[in-house]
Amino acid sequence: MKLDDLVKTATARVETVRVVRTAINPLLWLTGIGTPLAFVLALLAGETWFRTAMFSTGALLLAATIVAYFVLLFRDPDRLQSEEYRLRQRELTMIFEKGASLEVVDSAREIPRIESVRGEIEKGGES
């Protein structure tokens, strides 16, 4: 794999983490920045204890992210969904709690279009 391909792949992953906001995002950012830095410092370190400490730090960050993901996966999987998904889910729950039908939810999702409004105006004028 070329360096250019690696940079493109890393940039795409960073964009995905930046756009989709979940409960685990802060830990993903910490791991994404801290782990490579810790591993590079472990490679460059001259002291054995510092090399071990840096490698352990990088491994601990990775392990913490994996553990947090599985804890959220089994305890509260909705927190792993995007913020937009959770807001829409809460909105639909509130609508259904008030006794609204599915037709109301579908019409709330429709985007008003100029063509449909013109057609309704023309129909109203003929009556």
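Values in this document were obtained by computation on a predicted structure and should not be read as measured data.

Draft legend 1. Structural view of helix 2 (residues 25–44). Over its 20 residues, helix 2 extends 29 Å from the first C-alpha to the last, a length consistent with the 28 Å expected when each residue adds 1.5 Å. For helix 2, the set of buried residues is Asn25, Thr31, Gly34, Thr35, Ala38 and Ala42.

Draft legend 2. Representation of the confidence of the model for the protein chain in the model. Summarising the model, the protein chain shows a mean pLDDT of 76, and 71% of its residues fall at 70 or more. Per-element confidence in the protein chain is highest for helix 3 (residues 48–75), whose mean pLDDT is 90, and lowest for helix 6 (residues 114–126), whose mean pLDDT is 53.

Draft legend 3. Seen up close, the environment of Val40. With respect to the helices and strands, Val40 occurs in helix 2. Measuring from C-alpha to C-alpha, the distance between Val40 and Arg51 comes to 9.6 Å, with 11 residues separating the pair along the chain.

Draft legend 4. Highlighting the packing of helix 2 against helix 3. Where helix 2 meets helix 3, the axes come as close as 8 Å, and the angle between the chain directions of the two elements is 160°. In this view, helix 2 runs roughly antiparallel relative to helix 3, as classed from their interaxial angle. For the element pair helix 2 and helix 3, the recorded crossing hand is left-handed. Residues Leu27, Leu28, Leu30, Thr31, Gly34, Thr35, Ala38, Phe39, Leu41, Ala42 and Leu43 of helix 2 pack against Phe50, Arg51, Met54, Phe55, Thr57, Gly58, Ala59, Leu61, Leu62, Ala64, Thr65 and Ala68 of helix 3. Residue classes in the contact of helix 2 with helix 3 are distributed as 16 nonpolar, six polar and one charged.

Draft legend 5. Highlighting the side chain of Thr35. Along the polypeptide, Thr35 turns up in helix 2. Given the relative accessible area of 6%, Thr35 is considered buried. Here Thr35 is in contact with Leu30, Gly58, Leu61 and Leu62, once residues within four sequence places are set aside.

Here is what the cut-offs are and how they apply
- Residues numbered from 1 in each chain as written.
- Predicted model: local features only at pLDDT ≥ 70, side-chain atom pairs only at ≥ 80, totals over all residues.
- Heavy atoms only, no water.
- Helix = DSSP H or I, 4+ residues; strand = E, 2+ residues; numbered from the N terminus.
- Expected span 1.5 Å × (residues − 1).
- Buried < 20%, exposed > 50% of the residue type's maximum accessible area, 1.4 Å probe, protein only.
- pLDDT = per-residue confidence, 0-100.
- Axes fitted to C-alpha atoms, helices over the stretch in contact; angles between N-to-C directions.
- Parallel < 35°, antiparallel > 145°, perpendicular 65-115°, else oblique.
- Left-handed = near helix turned anticlockwise from the far one by under 90°.
- Contact = heavy atoms within 4.5 Å.
- Nonpolar A, V, L, I, M, F, W, Y, C, P; charged D, E, K, R; others polar.

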